[in-house]
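Descriptive analysis of the structure
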Amino acid sequence: MRTVRTFRTAVAVAGALGVLSLTACGAAETGKSNEAGGDKTVKLTVPSWVGAQANVAVAKHILEKELGYKVKTQQMGEVLAWDALSKGDIDGILEDWGHPKEEKQYVETKKTVVKGGDLGVTGHIGWYVPKYFADKHPDVTDWKNLNKYAEEFRTAESGDKGELLEGSPDYVTNDDAIIANLKLNLKTNYAGSEAAQITAIKKYAKEKKPFLTYWWTPQWLNAQVDMVEIKLPEYKEGCDADPKKVACAYPHTPLQKFFNADFAKEGGEAAEFLKNFKWTTEQQNEVALMIAGEKMSPEAAAEKWVKENEATWKAWLPKK
Amino acid sequence: MSATVTTVSKAGTAAGDARTEDSGGLREAVRRRRKLLTGGGVLAALLVLGAVLLGGGGWPAGLTADISGPLDAANDWVVDNRDTHPLFLYFLLHLSNTATDAVDAVYQGLDALGWLGVTVAAVLVAWRAAGLGRRGLRAAVTALGAFAVCGVLGMWDATLLTIALMVVSVAVAALLGALIGLAAGLSDRVDRALRPVLDTMQVMPAFAYLLPFVLVFGTGTPAALFCTVIYAAPPMARLTALGLRGADPAALEASASLGASGLQRLWTARLPLARKQMLLGLNQTIMMALSMVVIAALVGAGGLGEEVYSALSTTDVGKAFTAGLPIVLIAVWLDRTTAAAGNGAGVPAPAGSWLHGGRAWALVAAAVAAAAAVRTATWPEAWTYDISTPVNKAQEWITANLTFTEVWAREFTLWVLNPLRDVLVWLPWWSVLLLVAAVAWLVGNWVSAVTATAAMAAIGVLGVWAKSLDTLSQVLAALVLTLVLGFLAGVLCARAGRLERWVRPLLDAMQTMPQFVYLIPVVALFGATRTSAIVAAVVYALPAVVRITTQGLREVDPAAVEASRSLGASTRQQLFGVQLPLARPALQLAVNQGVVLVLAVVVVGGLVGGGALGYDVIKGLSRGEMGLGMTAGIAIVCLGLVLDRVTQRTSRTPR
């Protein structure tokens with residue numbers, strides 16, 4: 001009885017393994033798209049922040065309406081997007097804030113990703129306080145005076161120190177090192193997502209409470225909540241080389257485009273168009289604000305912008 | 001078993017175990033007291049010894065082993081060899097491509113049916129599966145309502161993509177679960193070997209293994225599919241095994257004596273007898289798979305999850321809610337249908353009806369074919385209605401008018417969370433281990449004590465001791481809140497039947513609505529703080545606790561309650577003197593489930609300011625830092641094992 005049962009289990013297990021190994025009889029296609037519901041299309045990643053969504057929405061609109069492509073967009077984390085770009089799961093990243101490690105691995109070593117030039121927008125990360133607070137205490141904008149105001153930024157989370165509100169873990173931050181190295185009486189509080197951070201900022205702003213936050217431009221919320229940047233020790237090339245010893249501000253980063261190597265070579269008009277795609281911070285903000293502030297759908301916002309700015313985007317189209 | 005949208009898959013087993021144990025009676029109580037005394041004595045002695053020998057403080061740095069280095073190395077190896085190594089070319093990529101093709105095929109099929117075809121199919125299948133008649137009618141109306149609302153909300157395409165992913169992942173998970181359950185149901189040895197594996201899978205938050213899957217399969221459908229399968233398969237396996245083991249021995253004996261061979265017996269007696277349990281397993285599997293929809297979107301699965309996720313970037317609660325509601329509705333539709341099918345199993349079709357068996361199925365197929373022949377495409381744009389603006393308005397009104405929440409959050413953090421965390425971190429590491437061992441031994445047996453202590457020690461070895469204790473303090477606070485609220489609501493529901501019926505859709509929604517939808521309102525009310533994380537956890541874990549409590553109180557022997565009433569006990573006395581003590585096994589199960597569920601949302605808590613382990617997992621996932629993410633993920637699993645062992649009563653004493 002017992003042996004019969006063992007035998008039967010063994011047969012069942014062997015059967016299951018057999019089915020699995022049947023699928024493994026030949027080498028699989030490696031470049032196959034991992035996307036359900038798509039055919040021959042341009043695939044772009046949609047990062048989680050609105051500015052980058054504006055890029056994608058406008059590019060998508062023009063690719064579909066003017067060049068006759070089908071555009072698939074996929075939302076994912078930044079580093080995951082790099083990985084997907086290398087595998088060919090997506091064709092392009094339109095806005096990258098600097099990922100030196102990935103750039104080295106994929107662009108230089110594996111050569112599966114190529115640079116796509118400037119987006120035209122300059123990004124900058126920094127520490128910000130609301131304007132209503134800076135107006136009352138103008139000297140707060142110098143980092144040397146931050147300890148004086150630390151008490152004002154105190155919350156239940158930060159205990160007896162001032163709170164520095166942080167955002168999504170996706171974004172580059174040296175703040176813990178900066179605080180330690182500048183001997184500031186502050187403590188980081190990780191909101192954990194951009195949505196949570198924005199909601200928290202809006203909440204503070206509504207009650208006109210003082211707050212100190214890790215923040216960046218371009219960002220659509222800047223049009224709704226006026227914020228002033230704190231002057232940290234000036235950024236110099238290489239001062240952020242050792243992550244533990246950073247004691248300086250963040251650089252001004254010209255945001256970059258990156259493409260899958262095969263797409264850049266064989267992507268035809270779509271690749272050429274995306275390489276030409278370049279606009280200003282103001283233009284991006286205009287679309288971003290329509291999406292986030294007026295709660296228009298990205299498609300509608302892109303359509304409106306494209307209609308009003310024909311001269312700008314005509315220059316991006318491939319020369320015939 | 002009632003038709004509930006619940007992830008309580010252990011309910012059947014654990015409640016059964018606990019009930020048999022109760023008959024132990026007085027001897028059991030005496031044994032317990034003696035155990036308590038010895039345990040206390042040994043603990044006190046060890047505490048003194050530890051204080052003298054080991055001193056205080058957190059986990060000693062010398063006893064840690066950093067595993068993030070090798071993990072990061074493995075990460076790089078996979079990235080470098082993904083396109084060339086035979087393991088990928090000849091095996092994993094096949095899996096990945098098959099997964100994509102399967103989901104794509106189902107999606108194309110649904111798309112070709114058109115909205116009329118899909119709706120007709122859903123309604124009629126619900127009607128037939130729920131057993132025709134009145135019950136079938138109710139399931140059919142639910143299905144119709146669910147699909148109509150999905151269409152009206154303008155979420156038709158996203159809903160179809162989500163359903164396609166669900167169909168494939170539930171099919172694979174159910175098959176896998178049934179096979180494992182079959183093995184565990186037929187062989188004691190397999191059962192013993194699998195039990196700890198299934199236990200671990202149950203406490204493991206999905207975020208913890210999202211990362212390796214993304215690494216191997218890349219972002220997109222395959223990674224999402226496989227994660228969902230892993231998450232959803234255990235209840236099917238557990239309940240299949242339970243059904244096979246619980247089969248009436250008399251029926252099996254009868255079948256054996258009629259000369260049936262082993263295989264025949266399996267097909268004609270054991271499996272049919274286990275059918276009800278297996279359908280319950282399927283029901284649980286579907287619910288667990290659905291709860292993964294948004295998490296799957298984090299790795300690029302598309303569908304409703306992506307809609308919710310993208311609404312977050314503009315902090316658009318209305319849009320997130322619009323996408324979250326279809327998820328709830330699909331859950332309710334599938335739950336009611338499978339639960340009605342499970343309840344109806346074995347009940348003969350209404351006598352004299354010509355509509356039974358194959359004929360009804362043929363009718364369903366014919367009607368679907370006819371509806372598909374109409375060739376409707378996607379849901380017509382004109383029939384949609386945008387609810388996001390009113391929802392946003394309501395949200396703003398609530399957050400503007402409920403100002404006391406912030407004060408509460410502040411006081412709660414200052415007077416409960418901070419002291420709790422500080423005490424836990426201050427406790428010498430060895431005393432935490434001893435405490436865990438003692439509690440696990442008192443609640444369970446020495447096996448659970450050893451498991452729990454080993455898991456706690458593993459956390460220390462991983463080098464995330466302080467962070468884990470921070471998370472633990474949040475989990476404990478959330479658990480206490482959940483239990484207080486859950487027991488209160490459960491008692492109320494058990495006493496007033498009408499209230500329960502009224503609350504049920506709310507509980508369903510709380511459990512299946514993706515937490516991402518209410519993240520923003522929660523932050524707007526409580527700020528980006530640990531309190532927000534705790535509120536999210538309480539909302540998620542509360543329904544299960546309420547349900548188990550209600551059911552436990554209901555199942556108390558009415559004769560006992562009647563007896564106490566005739567002896568002149570007041571309502572209060574009846575409740576505290578009779579009902580609650582008799583429902584103790586159910587209450588203990590509620591505690592255990594509460595722990596598991598609260599822990600499951602720790603990672604989500606990291607998104608709203610919970611920090612600690614949850615934040616590390618998200619950071620690891622979104623930045624591709626395998627070492628950081630996996631270490632935190634493993635620590636959460638260990639924490640889950642500890643909490644599970646110290647709350648789960650086992651009647652299995654090792655022999």
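Keep in mind the model is a prediction, meaning the values are calculated, not measured.

**Some points on the overall build of chain A**
- Assigned secondary structure in chain A consists of 13 helices and nine strands.
- For chain A, the proportion of its 320 residues judged to be buried stands at 54%.
- If you take every contact in chain A between residues at least 6 apart in sequence, the share linking residues at least 24 apart comes to 72%.
- Of the accessible surface of chain A, which amounts to about 14,300 Å², a share of 55% is contributed by carbon and sulfur atoms.

**Notes on the environment of Leu-46 of chain B**
Residue and element names in this part refer to chain B.
- Among the secondary structure elements, Leu-46 is positioned in helix H2 (residues 26–53).
- Judged by its relative accessible area of 34%, Leu-46 is partly exposed.
- Between the C-alpha atom of Leu-46 and that of Ala-632, which follows or precedes it by 586 residues, the distance is 30 Å.
- If we skip the residues at most four places from it in the chain, Leu-46 touches Trp-430 and Leu-434.

**Some points on the interface of chain B and chain A**
- Facing the 71 residues of chain B at the interface are 65 residues of chain A.
- Across the chain B/chain A interface, buried area totals approximately 5,700 Å², and carbon plus sulfur atoms make up 52% of it.
- Ranking the residues of chain B by area buried against chain A places Thr-219, Tyr-615 and Arg-623 of chain B at the top, with a combined share of 11%.
- On the surface where chain B and chain A come into contact, there are three salt bridges.
- Of the charged contacts in the structure, one is a salt bridge between Glu-406 of chain B and Lys-209 of chain A, with a shortest N-O distance of 2.8 Å.
- Counting the contacts that link chain B with chain A gives eight residue pairs in polar contact (both at pLDDT 80 or more).
- With 13 residues, helix H4 (residues 86–129) of chain B is the largest single contributor of residues to the side of chain B that touches chain A.

**Considering the packing of aromatic side chains**
Residues and elements named next belong to chain B.
- Evaluated as defined, the whole model comprises 24 aromatic pairs over all chains.
- Centroid distance Phe-147 to Trp-333: 4.8 Å. Interplanar angle 80°. Geometry classified as edge-to-face. Linking Phe-147 in helix H5 (residues 133–152) with Trp-333 in helix H15 (residues 317–344), this pair joins segments that are 186 residues apart in sequence.

**Focus: the domain arrangement of chain B**
All names here are of chain B.
- For chain B, the domain assignment lists domain 1 (28–53 + 64–68 + 404–647) and domain 2 (121–385).
- For domain 1 versus domain 2, the separation of C-alpha centres amounts to 28 Å.
- Of the residues lining the interface, 30 residues belong to domain 1; the matching set on domain 2 comes to 29 residues.
- Roughly 2,600 Å² of surface becomes buried between domain 1 and domain 2 when both sides are summed, with 83% attributable to carbon and sulfur atoms.
- Counting the surface domain 1 buries against domain 2, the share from its top three residues, Phe-516, Ile-520 and Leu-621, is 25%.
- Residues Asp-508 and Arg-336 are paired through a salt bridge, measuring 2.7 Å at the closest nitrogen-oxygen approach.
- If you look at where domain 1 meets domain 2, you find one residue pair in polar contact (both at pLDDT 80 or more).
- Those elements that provide at least two residues to the side of domain 1 that touches domain 2 are helix H22 (497–512), helix H23 (515–526), helix H27 (584–600), helix H28 (602–605), helix H29 (612–623) and helix H30 (626–647).
- Ranked by residues supplied to the side of domain 1 that touches domain 2, first place goes to H30 with ten residues.
- Taken together, the residues of the side of domain 1 that touches domain 2 sort by class into 20 nonpolar, five polar and five charged.

**Remarks on the UniProt feature "domain: ABC transmembrane type-1" (unreviewed entry) in chain B**
Residue and element names in this part refer to chain B.
- The UniProt feature table records "domain: ABC transmembrane type-1" (unreviewed entry) at residues 159–338 and 468–647.
- Helix makes up 87% of residues 159–338 and strand makes up 0%, while its end C-alpha atoms are separated by 19 Å.
- A distance of 18 Å separates the end C-alpha atoms of residues 468–647, which is 87% helix and 0% strand.

**Considerations on the pattern of salt bridges**
- On inspection of all chains with the given rule, the structure shows 20 salt bridges over all chains.
- Across the salt bridge formed by Lys-115 of chain A and Glu-103 of chain A, the nearest N and O atoms sit 3.6 Å from each other. Placement of Lys-115 of chain A in strand S4 (residues 113–130) and of Glu-103 of chain A in helix H4 (residues 100–110) is noted, with a sequence separation of twelve residues between them.
- Shared partners join several salt bridges into a network, and the residues in it are Lys-203, Glu-207 and Lys-209 of chain A together with Glu-406 of chain B.

**Digging into a negative patch on the surface**
Residue and element names in this part refer to chain B.
- Residues Asp-66, Asp-72, Asp-76, Asp-80 and Glu-625 make up a contiguous surface patch of negative charge.
- When you line up the elements, Asp-76 lands in helix H3 (residues 68–81).
- Its relative accessible area of 33% is what places Asp-76 among the partly exposed residues.

**Re the domain arrangement of chain A**
Residue and element names in this part refer to chain A.
- Domains assigned within chain A are domain 1 (42–122 + 253–314) and domain 2 (123–252).
- One C-alpha centre belongs to domain 1, the other to domain 2, and the line joining them spans 28 Å.
- Domain 1 puts 19 residues into the contact, and the matching count from domain 2 is 16 residues.
- Carbon and sulfur atoms make up 57% of the surface buried where domain 1 meets domain 2, a total of about 1,300 Å² over both sides.
- Broken down residue by residue, the surface that domain 1 buries against domain 2 is led by Trp-97, Thr-253 and Leu-289, which jointly contribute 34%.
- In this structure, the connection of domain 1 to domain 2 is made through zero salt bridges.
- Where domain 1 packs against domain 2, one counts one residue pair in polar contact (both at pLDDT 80 or more).
- Contributing elements (two or more residues each) for the side of domain 1 that touches domain 2: S4, strand S9 (252–260) and helix H11 (281–292).
- By residue number, the principal contributor to the side of domain 1 that touches domain 2 is H11, which donates six residues.
- Grouping the amino acids of the side of domain 1 that touches domain 2 by side-chain chemistry returns nine nonpolar, nine polar and one charged.

**Things to note about the packing of H4 of chain B against helix H6 (residues 156–186) of chain B**
Residue and element names in this part refer to chain B.
- Viewed as axis vectors pointing N to C, H4 and H6 meet at an angle of 130°, and their least axial separation amounts to 9 Å. Here H4 lies oblique to H6, going by the angle between them. Crossing of H4 over H6 shows right-handed handedness. Contact residues: H4 offers Ala-102, Val-103, Val-106, Tyr-107, Leu-110, Asp-111, Trp-115, Val-118 and Thr-119, while H6 offers Trp-156, Asp-157, Leu-160, Leu-161, Ile-163, Ala-164, Leu-165, Val-167 and Val-168.
- For the contact of H4 with H6, the residue count by class is 15 nonpolar, one polar and two charged.

**A look at helix H8 (residues 206–217) of chain B**
- Between the first and last C-alpha of H8 of chain B there are 16 Å, a value that for twelve residues agrees with the 16 Å anticipated at 1.5 Å per step.
- Of the residues one or two after H8 of chain B, Gly-218 of chain B is the one with positive phi, at around 75°.

**Some remarks on empty space enclosed by the protein**
- Per the counting criterion, the structure on display carries 16 cavities of 30 Å³ or more.
- Its boundaries defined by the atoms lining it, the largest cavity holds a volume of some 360 Å³.
- Around the largest cavity, the lining comprises 22 residues; the ones closest to its centre are Ser-48 and Ser-168 of chain A together with Leu-298, Tyr-309 and Leu-607 of chain B.
- In the lining of the largest cavity, the residues fall into 13 nonpolar, seven polar and two charged.

Parameters and conventions
- Residues numbered from 1 in each chain as written.
- Chains lettered and ligands numbered in written order.
- Predicted model: local features only at pLDDT ≥ 70, side-chain atom pairs only at ≥ 80, totals over all residues.
- Heavy atoms only, no water.
- Helix = DSSP H or I, 4+ residues; strand = E, 2+ residues; numbered from the N terminus.
- Buried < 20%, exposed > 50% of the residue type's maximum accessible area, 1.4 Å probe, protein only.
- Contact = heavy atoms within 4.5 Å.
- Areas by Shrake-Rupley, 256 points an atom, 1.4 Å probe, with all protein chains shown as cover.
- Buried area = accessible area lost by both parts, 1.4 Å probe.
- Salt bridge = Lys/Arg side-chain N within 4 Å of Asp/Glu carboxyl O.
- Polar contact = N/O pair within 3.5 Å; in protein donor to acceptor, adjacent residues only side chain to side chain.
- Phe/Tyr/Trp six-rings, centres within 6.5 Å; stacked < 30°, edge-to-face > 60°.
- Domains from an automatic or database assignment.
- Nonpolar A, V, L, I, M, F, W, Y, C, P; charged D, E, K, R; others polar.
- UniProt positions renumbered as here; feature names shortened; annotations may be inferred.
- Patch = residues over 30% accessible without salt bridge, like charges linked within 9 Å, V, L, I, M, F, W, Y side chains within 5 Å.
- Lys, Arg positive; Asp, Glu negative; His and termini not counted.
- Charge placed at Lys NZ, Arg CZ, Asp CG, Glu CD.
- Axes fitted to C-alpha atoms, helices over the stretch in contact; angles between N-to-C directions.
- Parallel < 35°, antiparallel > 145°, perpendicular 65-115°, else oblique.
- Left-handed = near helix turned anticlockwise from the far one by under 90°.
- Expected span 1.5 Å × (residues − 1).
- 1 Å grid on protein atoms, 1.4 Å probe; cavity = no way out; pocket = protein on both sides within 12 Å on 5 of 7 lines; lining within 4 Å.
- Points joined across faces, edges and corners; volume = space filled by probe spheres on them.

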